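Structure assessment
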Amino acid sequence: MATVTFDHVYKRFPGDVVAVNDLNLQVADGEFLVLVGPSGCGKTTALRCVAGLETISDGELSIGDQVVNDVAPKDRDIAMVFQSYALYPHMSVYDNMAFGLKLRKMSKTDIDARVREAAGILGLDRYLDRKPKALSGGQRQRVALGRAIVREPKVFLMDEPLSNLDAKLRVQTRAEIARIHRRLGTTIVYVTHDQVEAMTMGDRIAVMKDGLLQQIGTPEELYTHPANLFVAGFIGSPAMNFVTVTTAGGELMMGETKLSLGGEPARVAAAQTPGKNLTIGFRPEHLVLANGSDGQAMRFPAVVDVVEYLGNEELIHARAEGNDIVALLPSDRKVKAGDNVELAVPLDRLFVFDPETEKALVS
Amino acid sequence: MTATSPGLDQAGPEQGWFARQHIGLHTALIVLMVIWAIPTFGLFVNSFRPATEAFGTGWWSALFPPYNFTFENYAHVLGQSNIGTNFLNSLFISIPATVIPIFVAAFAAYAFSWMEFPGRNILFVVVVGLLVVPLQATLIPVLSLFASWGIAGTFLAVWLAHTAYGLPFAIYLLRNFMGSLPREVFESAAIDGASSVTSFFRLALPMSVPAIAALAIFQFLFVWNDLLVALIYISIVNPDNLPLTVSIAGLVTSQGAGTEFLGAAAFISMALPLIVFFGLQRFFVRGIVGGSVKG
Ligand SMILES: Nc1ncnc2c1ncn2[C@@H]1O[C@H](COP(=O)(O)OP(=O)(O)OP(=O)(O)O)[C@@H](O)[C@H]1O
Ligand SMILES: [Mg+2]
């Protein structure tokens, strides 16, 4: 087990691509760190740098106390689960898992014990003699996991290991990986572009965009205190609503509607030069139908466009002063398309961003 | 289970379309095969006919009475005192001249596909460029080189020559095949602790079996049927090492007598390549990397 430390790590590809841009990140010993971000943001590249499959262009990368910039992949004591499974197609499931151990000259009985234990954990006992071709996608995925587990490495690197599984199997395997992490306590760096996966699995989440680390924190920190517009929009489902407003003294104008503010948002609004634009954000699940008595809330009128019934809840698409607003309301509210409603956001649930720097002013 | 049932429902019309496609394909294949096989069949029939008849009438007339078949031609060819030696020589030339270039080419193809070294692309272009050098242009300089090394007329000379002539194409073909194997498999092996040599023998080679089998057939046929290379590098110096092709050519005199034996000789010489072909056929597996990476 070990820490993984990125110290000002850069990875440039020919053609002016900076896939990883000045990454500073410390993964604690035994931590489950999720690297999340949209497609092409450099997650895989960052992971491959740790594995040693890419040489880093600049900076220092350490595993434990050892700087591994010039250490070959096989000497880093890591195991990687690839975005594609990368199984050895001509070997049986057993041999796929045993391959790395054989190369490390482990005794036959030890290999056998480890492979059978991993197969037990992953429910692969019955498939040990099969070739990968004769397995389902989920089973192949588990073989890829098993191949990493048997190695008992210092660090697991996993690159979107669930992306090819159907919804049910994904939930199941997600729990399996969490269980394996609890059981082995090994440091895991886990890459995904799925924020739900990130929220449910990670001890901490690192959000990346265009090669740049946006924010790192626990799922709760990212949800309640996003550092900027990108993180605010990326974490949470359905995504946060953003509305551009204009400052006017201590007030905020959303089109023609004057927003009543108080507390921290009001102080921030008052501190701006009048006429400056701000972006305010609020999550669909924090919107409520105003009932007149909610004093500590920002209220605004809206016209309901579409209602999507989800069972326990309804997803309301509404328009307010030319902005599209999504609200998640309990389904007993009986809101219909075309209704005029007044929506309210509790003030402590309101985020304020500077549209130029995209940084959070209140979060 | 339920997820697959829509697919099953569609199977009816799908299969009909599929079957119609197959009928067209099969008809075309059968027609082509017949056109291809007729001359061979004619030669086969003629190889069992006396010379006088074979030259006087078409082979098809032998299929109607009065029948007049004979084993004379085969007897004559097999009766040649050196035919057994020649057959063994052919084998002794063909097997190493197939194995050596493929082995070397596999190493080279792996390096060209998966190892980083300076000048890799230029070197590959040069190797492929060698494909255009006509074999005939090399005969005299190579022969004098072999003579100065003192190996002209030996099997070693022919092995070396066939290896050199076969390599560019073999490297080209295997590089293209190995280059299309999934990169992550090799990366995974590198993390698992495999060196390049291990990766080559444990992964690249077994995964390239279909390409290697195809190449083996080509190279074996080329060497087995080769007359020119053997004639130049062996026959002038050492008639004891002559392969079957040279002795078959020798059946016909310069005046053209003895052509009736050629058919029989051809079929004798054809027997082994057929065995090789059918022997290697089971290695032509489609989708050998199936299940390795998600598609
Ligand atoms: N070998 C390479 N050469 C040049 N550019 C590359 C190379 N590998 C990756 N890139 C670029 O680096 C950037 C980051 O790629 P990377 O594969 O790390 O993205 P990702 O975050 O894993 O995306 P995804 O979620 O789609 O897997 C992309 O813009 C990509 O085009
Ligand atoms: Mg990726």
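The coordinates are above.
In this numbering scheme, every chain counts its residues from 1 along its sequence in written order. To label them, take the chains in the order written and letter them from A, then take the ligands in the order written and number them from 1. In keeping with the predicted nature of the model, local features appear solely for residues at pLDDT of at least 70, side-chain atom pairs appear and are counted solely at 80 or more, and the whole-chain, interface and lining totals rest on all residues. To obtain the side-chain values, all non-hydrogen atoms of the structure were included, while hydrogens and water were left out.

**Let's talk about the overall build of chain A**
Secondary structure elements follow DSSP: runs of H or I of four or more residues count as helices, runs of E of two or more count as strands, with numbering from the N terminus. Within chain A, the regular secondary structure consists of nine helices and 21 strands. Dimensions of chain A, computed from C-alpha atoms along their principal axes, come out at roughly 75 × 45 × 35 Å. Counting across all 363 residues of chain A, residues that qualify as buried make up 52%. Should any heavy atoms of two residues lie within 4.5 Å, those residues are considered in contact. Residue pairs in contact within chain A that sit at least 24 positions apart in sequence constitute 66% of those at least 6 positions apart. Calculation of accessible area relied on Shrake-Rupley with a 1.4 Å probe; when residues are assessed, cover is drawn exclusively from the protein chains displayed. Surface exposure of chain A reaches about 15700 Å², of which carbon and sulfur atoms provide 48%. In this charge count, Lys and Arg are treated as positive and Asp and Glu as negative; neither His nor the chain ends contribute. Note on charges: their place is set at NZ of Lys, CZ of Arg, CG of Asp or CD of Glu. Looking at charge distribution, chain A has the averaged site of its 40 positive side-chain charges lying 9 Å from that of its 47 negative ones. A 1.4 Å probe rolled over the protein chains alone gives each residue an accessible area, and that area as a share of the maximum for its type sets the label: buried under 20%, exposed over 50%, partly exposed in between.

**A look at the coordination of the magnesium ion (ligand 2)**
For Na, K and Ca the donor cut-off is 3.2 Å, while for other metals it is 2.8 Å, and in both cases only N, O and S atoms qualify; water is not among them, so sites may look incomplete. Ligation of the magnesium ion (ligand 2) by protein atoms is provided by T44 of chain A (OG1) and Q83 of chain A (OE1), these donors lying 1.8 to 2.7 Å from the ion. In this pair, T44 of chain A sits in helix α1 (residues 43-51) while Q83 of chain A sits in the loop between β6 (78-81) and α2 (93-103), placing the two residues 39 residues apart along the sequence.

**Considering the pattern of salt bridges**
Residue and element names in this part refer to chain A. A carboxyl oxygen of Asp or Glu within 4 Å of a side-chain nitrogen of Lys or Arg is what we treat as a salt bridge. Applying the stated criterion across every chain, the model contains 18 salt bridges over all chains. Here E117 and R183 are joined by a salt bridge, their closest N and O atoms 3.2 Å apart. Here R183 lies in helix α5 (residues 167-184) and E117 lies in helix α3 (residues 108-122), a separation of 66 residues in the sequence. Judged by relative accessible area, R183 falls into the exposed class, the value being 54%.

**Thoughts on the sheet that holds strand β12 (residues 251-254) of chain A**
All names here are of chain A. Note: two strands are recorded as paired if DSSP finds a minimum of 2 bridges between them. What the six strands build is an open sheet, ordered β13-β12-β11-β14-β20-β21; its pairing is antiparallel. Both edges of this open sheet fall to β13 (257-259) and β21 (360-362), since each of them pairs with a single strand only. Each adjacent strand pair in this sheet contributes to an overall mean axis angle of 40 degrees, direction not counted. For helices, the fitted line uses only the C-alpha atoms of the stretch in contact; every axis is such a line through C-alpha atoms, and the angle between N-to-C directions lies from 0 to 180 degrees. In this fold helix α9 (residues 263-271) packs onto β11 (241-248), β12, β20 (351-353) and β21, with an angle of close to 120 degrees to the strand it touches most, β21.

**Some remarks on the sheet that holds strand β2 (residues 17-27) of chain A**
Residues and elements named next belong to chain A. The antiparallel open sheet is built from four strands, whose spatial order is β2-β1-β4-β5. Edge strands, defined here as strands with exactly one partner in the open sheet, are β2 and β5 (66-67). Alignment of strand β4 (residues 58-63) against β5, held across two bridges, turns out to be antiparallel. Bridge pairing in β5 places I63 opposite Q66. Helix-sheet contacts for α1 involve β1 (4-13), β2 and β4, and the interaxial angle to β1 is about 115 degrees.

**Here we look at the site of ligand 1**
All names here are of chain A. F13, V17, A19, S39, G40, C41, G42, K43, T44, T45, Q83 and E160 make up every residue found near ligand 1. In protein, a polar contact means a hydrogen-donor-capable atom and an acceptor-capable atom, both N or O and within 3.5 Å, with residues adjacent in sequence counting only if both atoms are side-chain atoms; elsewhere, any N or O pair within 3.5 Å suffices. Between ligand 1 and S39 there is a distance of 2.4 Å, counted from an oxygen atom to a side-chain nitrogen or oxygen. Here ligand 1 has 640 Å² of accessible area as a free molecule, and 62% of this is covered by the chains. Elements supplying a minimum of two residues to the shell around ligand 1: β2 and α1. The dominant element in the shell around ligand 1, judged by the number of residues it contributes, is α1, at three residues. Each residue is tested against the molecule or strand, and it is near if at least one of its non-hydrogen atoms lies within 4 Å.

**A closer look at unusual backbone geometry**
Residue and element names in this part refer to chain A. The peptide bond linking S237 to P238 adopts the cis configuration, its omega dihedral lying at 0 degrees. Its place among the elements puts P238 in the loop between α8 (229-234) and β11. Phi is positive for A86, close to 55 degrees, though the residue is something other than glycine. Topologically, A86 is positioned in the loop between β6 and α2. When its relative accessible area of 0% is taken as the criterion, A86 is described as buried. Unusually for a residue other than glycine, E152 sits at a positive phi of about 45 degrees. By the element assignment, E152 lies in the loop between α4 (137-150) and β7 (155-159).

**What to know about the environment of Q139 of chain A**
Residue and element names in this part refer to chain A. For Q139, the position within the fold is in helix α4. Through-space distance from the C-alpha of Q139 to that of L165 is 9.8 Å; in sequence the pair is 26 residues apart. Residues contacting Q139, with those up to four places away along its chain left out, are L124 and Y127.

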